Amino acid sequence: MGLNQAAADHQQTNRFRIWIVPGLIITGALLFELSGSSGRELLRYDRIEIADGQLWRLFSGHFVHLGWSHFALNAAGMMLIFYLVGDRFSPLTWLLVTVFVVLGIDLGFWLLEPQLIWYVGLSGLLHGCFAAGVVDGLRKRQFEEMLMAGLLILKLAYEQIAGPLPGSEGTAGGSVIVAAHLYGAISGFSVGAALSLRKPTNASI
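Rules and cut-offs
- Residues numbered from 1 in each chain as written.
- Predicted model: local features only at pLDDT ≥ 70, side-chain atom pairs only at ≥ 80, totals over all residues.
- Heavy atoms only, no water.
- Helix = DSSP H or I, 4+ residues; strand = E, 2+ residues; numbered from the N terminus.
- Contact = heavy atoms within 4.5 Å.
- Expected span 1.5 Å × (residues − 1).
- Buried < 20%, exposed > 50% of the residue type's maximum accessible area, 1.4 Å probe, protein only.
- Arc of directions from axis to C-beta.
- Axes fitted to C-alpha atoms, helices over the stretch in contact; angles between N-to-C directions.
- Left-handed = near helix turned anticlockwise from the far one by under 90°.
- Phe/Tyr/Trp six-rings, centres within 6.5 Å; stacked < 30°, edge-to-face > 60°.
- Lys NZ or Arg CZ within 6 Å of the ring centre and 35° of its normal.
- Core = buried A, V, L, I, M, F, W, Y, C linked by side-chain atoms within 4.5 Å.
- Patch = residues over 30% accessible without salt bridge, like charges linked within 9 Å, V, L, I, M, F, W, Y side chains within 5 Å.
- Areas by Shrake-Rupley, 256 points an atom, 1.4 Å probe, with all protein chains shown as cover.
- Salt bridge = Lys/Arg side-chain N within 4 Å of Asp/Glu carboxyl O.

Engineer: Explain the environment of isoleucine 105 here, please?
Structural biologist: Within the element layout of this structure, isoleucine 105 appears in helix α7 (residues 91–112). Considered as a pair, isoleucine 105 and histidine 62 are 43 residues apart in the sequence and their alpha carbons are 9.4 Å apart. Leave out the neighbours within four places in its chain, and isoleucine 105 touches His62, Gly124, Leu125, Ala180, Tyr183, Gly184 and Ser187.

Engineer: Can you help me understand helix α2 (residues 20–34) in this one?
Structural biologist: Along an α-helix, residues three or four apart share an orientation, since each turn contains 3.6 residues. Helix length check: α2, at 15 residues, gives a terminal C-alpha distance of 21 Å against a target of 21 Å (1.5 Å per residue), a fit within 8%. Every buried residue belonging to α2 is among Val21, Pro22, Ile25, Ile26, Ala29 and Glu33, and all of these are buried. Down the axis of α2, the buried side of the element spans an arc of 125°, and every buried residue falls inside it. Along α2, exposed side chains directed more than 90 degrees from the buried face belong to Leu24, Leu31 and Leu34. At the exit of α2 stands glycine 36, carrying a positive phi of roughly 75°.

Engineer: Help me understand the packing of helix α8 (residues 123–139) against helix α9 (residues 143–162) in this model?
Structural biologist: To describe two helices that pack against each other, one gives the angle between their axes and the distance between the axes. At a minimum axis distance of 8 Å, the contact between α8 and α9 shows a crossing angle of 145°. As α8 runs across α9, the sense of the crossing is left-handed. Here α8 contributes His127, Phe130, Ala131, Val134, Gly137 and Leu138 to the contact with α9, which in turn contributes Glu145, Met146, Met148, Ala149, Leu152, Lys155 and Leu156.

Engineer: Help me understand the packing of aromatic side chains, please; the structure alone is not making it clear to me.
Structural biologist: Pairs of aromatic rings are described using the distance from one ring centre to the other and the angle between the two planes. For the structure on display, the rule yields seven aromatic pairs. For the pair phenylalanine 89 and tryptophan 94, a centre-to-centre distance of 5.1 Å together with 75° between the ring planes defines the contact as edge-to-face. The pair formed by phenylalanine 89 and tryptophan 94 is uniform in burial state, with each residue classed as buried. Each residue in the set Tyr45, Phe109, Tyr119 and Tyr183 is aromatic and connected to the rest through ring pairs, giving one cluster. Cation over ring: arginine 47 sits above tryptophan 110, and NZ or CZ is 4.1 Å from the ring centre.

Engineer: When you look at the environment of glutamate 49 in this model, what are you seeing that I'm missing?
Structural biologist: Its location among the elements puts glutamate 49 in helix α4 (residues 47–51). With a relative accessible area of 27%, glutamate 49 lands in the partly exposed category. Taking the C-alpha atoms as reference points, glutamate 49 and tryptophan 118, separated by 69 residues in sequence, lie 9.5 Å from one another. Ignoring anything within four residues of it in the chain, the contact list for glutamate 49 reads Gln54 and Arg57.

Engineer: What exactly am I supposed to notice about the nonpolar core here?
Structural biologist: Side chains of a nonpolar character, in soluble globular proteins, are inclined to be buried together. Judged by nonpolar contacts, the single largest core of 40 residues is most densely connected at Met78, Trp94, Phe109, Leu122 and Leu125. Among the elements of the structure, α2, α6 (68–85), α7, α8, α9 and α11 (178–197) are those that each provide at least two residues to this core. The contact partners of leucine 122, leaving out residues within four places of it in the chain, are Ile25, Ala29, His62, Phe63, His65, Asn74 and Met78.

Engineer: Just to check I follow, could you spell out a nonpolar patch on the surface for this structure?
Structural biologist: Residues Trp19, Met79, Leu80, Tyr83 and Leu84 make up a contiguous nonpolar surface patch of about 510 Å² in total accessible area. Residue position: methionine 79 is located in helix α6. For methionine 79, a relative accessible area of 36% translates into the label partly exposed.

Engineer: When you look at the pattern of salt bridges in this model, what are you seeing that I'm missing?
Structural biologist: Proximity of charged atoms lets side chains of opposite charge pair with each other. Considering all chains together, one arrives at six salt bridges under this definition. Residue arginine 88 is joined to glutamate 145 by a salt bridge in which the shortest nitrogen-to-oxygen separation is 1.7 Å. Highlighted residues: arginine 88 in the loop between α6 and α7 and glutamate 145 in helix α9, separated in sequence by 57 residues. For the pair arginine 88 and glutamate 145, a shared accessibility class is recorded, and that class is buried. Through salt bridges with shared partners, a single ionic network connects Glu41, Arg44 and Asp46.

Rendered as structure tokens:
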């Protein structure tokens, strides 16, 4: 009875830990959204202002949104992704993944998208977290992760060829920058692969 209770408590703790990082991200994004249009102007990724020294925008721009519908869409996406793959890494490792993906997207924007003047939203980070999460399952050749990875690749390929998914811009309330999805996924896959290779097959970092 005691062992069963200890195992149940451990499982409950693990379930709680899965939601720490998405909870922090969504709460931060919510606080930014409450700052309104003035906050959005101050915090968004803005190439001109970044070149002028406002480097915080490289990070904060990924956590502000076009409006409440855009925020709600990304918040729901974040919850879904961590429901699917949130147990792949510890909260601390997920924070590392978040930082790496954000930096990867920024690098892609800066070097490969000079025409992109400004950007807001979590969507690039969402794709990065999802890509990082499915890597471990791919290493173990798990069918669900292989299916999710295939769907992600198909989505990215469609966006690069045909543009945003039908209806996505209307739901978000503005233009969808599909390059963010691509750079986020590449960054997430890279850091996920590096982390996955460092751990035993049945362990989680």
